[in-house]
Amino acid sequence: MKAFSYVSATDVPAALRAISTEPNAKFIGGGTNLVDLMREEIERPDTIIDITRLPLSGIEELPGGGVRIGATVRNSHLAAHRLIRTRYPVLSQAVLTGASAQLRNMATVGGNLLQRTRCLYFYDGAAACNKREPGRGCDAIGGFTRNHAILGASEACVATHPSDMCVALAALDATVVAESIRGVRRIPMTEFHLLPGETPDAETALAPDELITAVELPETPVAATSAYRKVRDRASYAFALVSVAAALETGDGAVSAVRLALGGVAAKPWRAHLAEQVLLGAPATEESFQRAADAELAPAVAQSQNAFKIELARRTIVATLRRLLTDGSAA
Amino acid sequence: MGRQPVVEVRMRVNGVMESLDLEPRVSLLDALRERLGLTGTKKGCNQGACGACTVLADGERINSCLALAVQYDGREITTIEGLGGGEGAHPLQSAFVRNDGFQCGYCTSGQICSAIGMLAEHGAGAPSAATEHLSADTIELSDAEIRERMSGNLCRCGAYNGIVGAIREVAAAVPGEVGRDAMEPVTEPAMETAMETVR
């Protein structure tokens, strides 16, 4: 690991001043991804600014009925919180399927948003990777692509975003609150992560000197009937091949409200707007679920080894909605 | 390799106040093993994938390999050496022996520290991915729950049945719940209560 200097910020203004004055500095939360990337020398900051002592570890109700989650809330505390478990079960479930209990005790909400792809070629310094070294090429294309994208990829990059939490946040229309010395900005979750295009090194809408201070969830009654379903190569402690965050409300046999997002399929948590359009107002039946899944996956493109993920995503969408319809949860 | 200021890190490790001058890049795992000689905590993958390095920080289990020691300044760290002590083996240590919870033993320190953290989490009402009803107040610690909650600790010898058996045995001996709000981090007194109960 390259040498660096360490600063611990005790309040947000101090953290924002430090990031804007220290050259080549990075914030560190739980460190579960950043320390690993620094050890591999994929990340090489000169200074790290510890934000875990900032007063951003609370979860509170918002006046409008939503919930505000501080950026340094640990993943485990988020998943266990009563407000989240009862009002947004999809979010608790998504967080609980991610990583391990030890990692969830360390990882922060802000850090989870900013974790980087687990593409093996991104991690392997000897491999060509446009994300790590823009213009170098992509060894993943034509390589081992089981964990790679089927939606929104480009000729420059086929990596996927690894987060489970973010898939639920995308379904819930969350907002990321970012602060810099220039002020406060609110970024819709669905616009926070970027598709690769020709610049896969640009991964989020966050400016280098911005600090995530909170994530806000709007009041979302449909989320009371919501679930996260994750399909992976082993029963626990593995990244998703495909995952689905869904919320469903029906009335008179028709879909009256629906939220759907996919994980493991793209460089960002994939909000399934096409499927939602098909479902809204449609009969709450297996046939509708199937049509919705088909609509969302129509533009899907397989890499050399992951064509199975298109069908897997289709079936997981249908299975998750079916379970929500019959049981009110997919857990 | 550039120059790097050394930072003073003070931690209470297994009840003893320690003061270390460390480069910020030193992991908690290396600080424990190389500087304090506490080699019970193992370095397996060194990338957060195996759980051999699991220790307790203020009663919560973490992977010490991905923890920068400097970030744990002022915290209370418990390693395998801090369990049992003068009273002999910790009940989980004895249960691992009785249940053949290991073969080579390399993952065992991490398994046991992890299990202690897990029992405290469960006692506080924290759910897992195996929990059927998220809104339930009490969650039965079934074998499926134990396996899911312990999935961050790999055992290459495959002693999982013994590990689950050992944890089940100790969990069954714990009467009642630790009784703390699930949203609160594990506090030191809560942790001590948990430890009292399992002893």
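Sequence positions are assigned chain by chain, starting from 1 and proceeding in written order. All chains are assigned letters beginning at A, and all ligands numbers beginning at 1, according to the order in which they are written. Confidence filtering applies because this is a predicted model: local features only for residues at pLDDT of at least 70, side-chain atom pairs given and counted only at 80 or more, and all residues used for totals across whole chains, interfaces and linings.

(A) Highlighting the overall build of chain A. Secondary structure elements follow DSSP: runs of H or I no shorter than four residues count as helices, runs of E no shorter than two count as strands, and numbering proceeds from the N terminus. Counting its regular elements, chain A contains 13 helices and 12 strands. To get the radius of gyration, use the C-alpha atoms; to get the globule rule, take the number of residues to the power 0.38 and multiply by 2.2 Å. Over its C-alpha atoms chain A spans a radius of gyration of 19 Å, differing by no more than 12% from the 20 Å that the globule rule assigns to 331 residues. With respect to the three principal axes, the spread of C-alpha positions in chain A is 60 × 50 × 35 Å. Any residue whose C-beta has 12 or fewer other C-beta atoms within 10 Å is treated as exposed, any with 20 or more as buried, and any in between as partly exposed, C-beta atoms being built from the backbone. Residue burial in chain A is summarised as follows: out of 331 residues, 55% are buried. Any two residues are considered in contact once their C-beta atoms, placed from the backbone, lie within 7 Å. Here the analysis covers contacts within chain A between residues at least 6 apart in sequence; of these, 65% occur between residues at least 24 apart.

(B) Structural view of the interface of chain A and chain B. With 34 residues of chain A at the interface, the matching set in chain B holds 39 residues. Every element with two or more residues in the side of chain A that touches chain B is listed here: β1 (5–8), α2 (34–39), α3 (75–80), α4 (82–87), α5 (89–97) and α6 (101–106) of chain A. Partitioning the side of chain A that touches chain B into residue classes produces 15 nonpolar, 15 polar and four charged. Residues are grouped as follows: Ala, Val, Leu, Ile, Met, Phe, Trp, Tyr, Cys and Pro are nonpolar; Asp, Glu, Lys and Arg are charged; all remaining types, including Gly, are polar.

(C) Looking closely at the domain arrangement of chain A. What the domain assignment lists for chain A is domain 1 (5–53) and domain 2 (222–327). Each domain's limits were defined by an automated method or a database of domain assignments. On a C-alpha basis, the centres of domain 1 of chain A and domain 2 of chain A stand 36 Å from each other.

(D) Region of the structure containing the domain arrangement of chain B. Residues and elements named next belong to chain B. Under the domain assignment, chain B is made up of domain 1 (7–82) and domain 2 (87–198). Across the contact, 18 residues belong to domain 1 and 19 residues belong to domain 2. At the level of elements, β3 (54–57) and β4 (60–63) are the ones that each hand at least two residues to the side of domain 1 that touches domain 2. When residues in the side of domain 1 that touches domain 2 are grouped by element, the largest group, three residues, is from β3. Partitioning the side of domain 1 that touches domain 2 into residue classes produces six nonpolar, seven polar and five charged.

(E) Fine view of the nonpolar core. A:Val90, A:Ala168 and A:Ala171 are the most contacted members of the largest nonpolar core, which has 159 residues in total. Beyond its immediate chain neighbours, meaning those up to four positions away, A:Ala168 contacts A:Val90, A:Leu91, A:Ala94, A:Tyr228 and A:Ala245. We define a nonpolar core as a collection of buried residues of the types Ala, Val, Leu, Ile, Met, Phe, Trp, Tyr and Cys that are connected via C-beta atoms lying within 7 Å of each other.

(F) Main features of the sheet that holds strand β1 (residues 7–13) of chain B. All names here are of chain B. Only when DSSP finds a minimum of two bridges between them are two strands counted as paired. Taken in spatial order, the five strands line up as β2-β1-β5-β3-β4 in an open sheet, and their pairing is mixed. At either margin of the open sheet sits one strand with a lone partner, and together these are β2 (16–22) and β4. In this sheet, adjacent strand axes meet at a mean angle of 40° when their direction is disregarded. With two bridges joining them, β1 and strand β5 (residues 76–78) adopt parallel strand pairing. When the bridges of β5 are listed, Val13 appears paired with Ile77. Note on definitions: angles span 0 to 180 degrees between N-to-C directions of axes, and those axes are lines fitted to C-alpha atoms, for helices only across the stretch in contact. Relative to the sheet, helix α3 (residues 108–123) contacts β3 and β4, its axis offset from that of β3 by approximately 40°.

(G) Fine view of the environment of A:Ala245. Within the secondary structure layout, A:Ala245 lies in strand β10 (residues 242–251). Measuring from C-alpha to C-alpha, the distance between A:Ala245 and A:Thr21 comes to 40 Å, with 224 residues separating the pair along the chain.

(H) The arrangement of the packing of helix α2 (residues 91–98) of chain B against α3(B) in detail. Residues and elements named next belong to chain B. Viewed as axis vectors pointing N to C, α2 and α3 meet at an angle of 125°, and their least axial separation amounts to 10 Å. The angle between the axes of α2 and α3 places the two elements in the oblique class. You can see that α2 and α3 cross each other, and the crossing is right-handed. Of the residues in α3, those in contact with Leu92, Gln93 and Phe96 of α2 are Thr108, Ile112, Ala115 and Ile116. A per-class count over the contact of α2 with α3 returns five nonpolar, two polar and no charged. Should an angle lie under 35 degrees it is considered roughly parallel, over 145 roughly antiparallel, and from 65 to 115 roughly perpendicular; all remaining angles are considered oblique. The sense of a crossing depends on the near helix, which, turned anticlockwise from the far helix by less than a right angle, makes the crossing left-handed and, turned clockwise, makes it right-handed.

(I) How the structure looks around the sheet that holds strand β4 (residues 59–61) of chain A. All names here are of chain A. An order of β4-β5-β8-β6-β7 is seen for the five strands of this open sheet, with the pairing classed as antiparallel. Looking along the sheet, the strands with just one partner apiece sit at the ends: β4 and β7 (183–188). Strand-to-strand twist of the sheet, defined as the mean angle between neighbouring strand axes without regard to direction, takes the value 25°.

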